[in-house]
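Descriptive analysis of the structure
Here are the chains, one letter per residue:
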Amino acid sequence: MPVNKILFKNVLSGVIFVFLTFLTINLQTTVWFELFGYFPTPNLWLPLMIYLLMYRPFPLNLMWVLFFFFILCTETTAMPFYLLLSLSSLSSLVLFTQKRFSLLTMSDFILLTTSSLICFPLIYYFFSLLHRSATPLNIFDHLSTFFITLPLIPPFLLVLQKIDSCLKTTEPHYERFSTEL
């Protein structure tokens, strides 16, 4: 395959994932409130972040986390330092777990995303305690978000995998990826 075609597919893949990032974050922060009011929103950006952490090579996946930090901070929060610490901690946990146990199947992705859905609010709450105005831990909100997001993880993974397979983004760790449960 010519170098220009590979470069085009990699750039197109990046543009599509940037678009998906904006789409999932805006769904959570804007569209959801217009449709459902203050009912807790699904965290679709979190499975996208886990996907990019798991199935992209090492330096590139950290750049994606920084991108998520930038987008989340500009659109969703007034305290970016807590979000930076939370995303960094969660990313480190996901990368450590994935490298330690070589997790690449769909069930591993669901497991990491589920554990991230549980850990992220707790990590964020812990880091907010370092400041004098701690963020309250709303159990109902976090449990609702968890149960709304959980059934959306497998179809969302299949969509992300389909995007990668259509673009034929081949990297060494993609060949080991399977959709086995």
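Residues numbered from 1 in each chain as written. Predicted model: local features only at pLDDT ≥ 70, side-chain atom pairs only at ≥ 80, totals over all residues. Heavy atoms only, no water.

1. Some words on the packing of helix α2 (residues 45-54) against helix α5 (residues 106-128)
The geometry of α2 relative to α5 is characterised by a closest axis approach of 10 Å and an angle of 125° between their N-to-C directions. As far as their axial angle goes, α5 and α2 are oblique. Seen along the crossing, α2 lies across α5 with a hand that is right-handed. In this structure, α2 uses W45, L46, P47, I50, Y51 and M54 to contact α5, whose residues at the interface are F109, L112, T113, S116, L117 and F120. In terms of residue class, the contact of α2 with α5 is made up of ten nonpolar, two polar and no charged. (Axes fitted to C-alpha atoms, helices over the stretch in contact; angles between N-to-C directions. Helix = DSSP H or I, 4+ residues; strand = E, 2+ residues; numbered from the N terminus. Parallel < 35°, antiparallel > 145°, perpendicular 65-115°, else oblique. Left-handed = near helix turned anticlockwise from the far one by under 90°. Contact = heavy atoms within 4.5 Å. Nonpolar A, V, L, I, M, F, W, Y, C, P; charged D, E, K, R; others polar.)

2. Description of a nonpolar patch on the surface
Among the surface-exposed residues, I118, L122, L137, I139, L143 and F147 lie close enough to one another that they form a single nonpolar patch of about 560 Å² accessible area. Elements supplying a minimum of two residues to the nonpolar patch: α5 and α6 (139-149). Tracing the sequence through the fold places L143 in helix α6. Of the residues examined, L143 reaches a relative accessible area of 44% and is grouped as partly exposed. (Patch = residues over 30% accessible without salt bridge, like charges linked within 9 Å, V, L, I, M, F, W, Y side chains within 5 Å. Areas by Shrake-Rupley, 256 points an atom, 1.4 Å probe, with all protein chains shown as cover. Salt bridge = Lys/Arg side-chain N within 4 Å of Asp/Glu carboxyl O. Buried < 20%, exposed > 50% of the residue type's maximum accessible area, 1.4 Å probe, protein only.)

3. Topic: the packing of α5 against helix α7 (residues 153-167)
Look at α5 against α7: their axes get within 10 Å of each other, and the N-to-C directions meet at 125°. Classified by the angle between their axes, α5 and α7 sit oblique to one another. For the element pair α5 and α7, the recorded crossing hand is right-handed. Judged by residue contacts, M106, F109, I110, T113, T114 and L117 of α5 engage I153, P154, L157 and L158 from α7. Grouping the constituent residues of the contact of α5 with α7 by class yields eight nonpolar, two polar and no charged.

4. Things to note about the packing of aromatic side chains
The full count for this structure, using the stated rule, is eight aromatic pairs. A centroid spacing of 5.3 Å and a plane angle of 80° characterise the contact between W45 and F120, whose relative ring orientation is edge-to-face. In this pair, W45 sits in helix α2 while F120 sits in helix α5, placing the two residues 75 residues apart along the sequence. Note on W45: relative accessible area 4%, which makes it buried. Its relative accessible area of 10% is what places F120 among the buried residues. Between F146 and F147, the ring centres sit 5.1 Å apart and the planes meet at 75°, which makes this aromatic pair edge-to-face. Among the residues examined, F146 registers a relative accessible area of 13% and is labelled buried. The class for F147 is exposed, based on a relative accessible area of 55%. Taken together, the ring pairs in this structure connect F17, Y51 and F109 into an aromatic cluster. (Phe/Tyr/Trp six-rings, centres within 6.5 Å; stacked < 30°, edge-to-face > 60°.)

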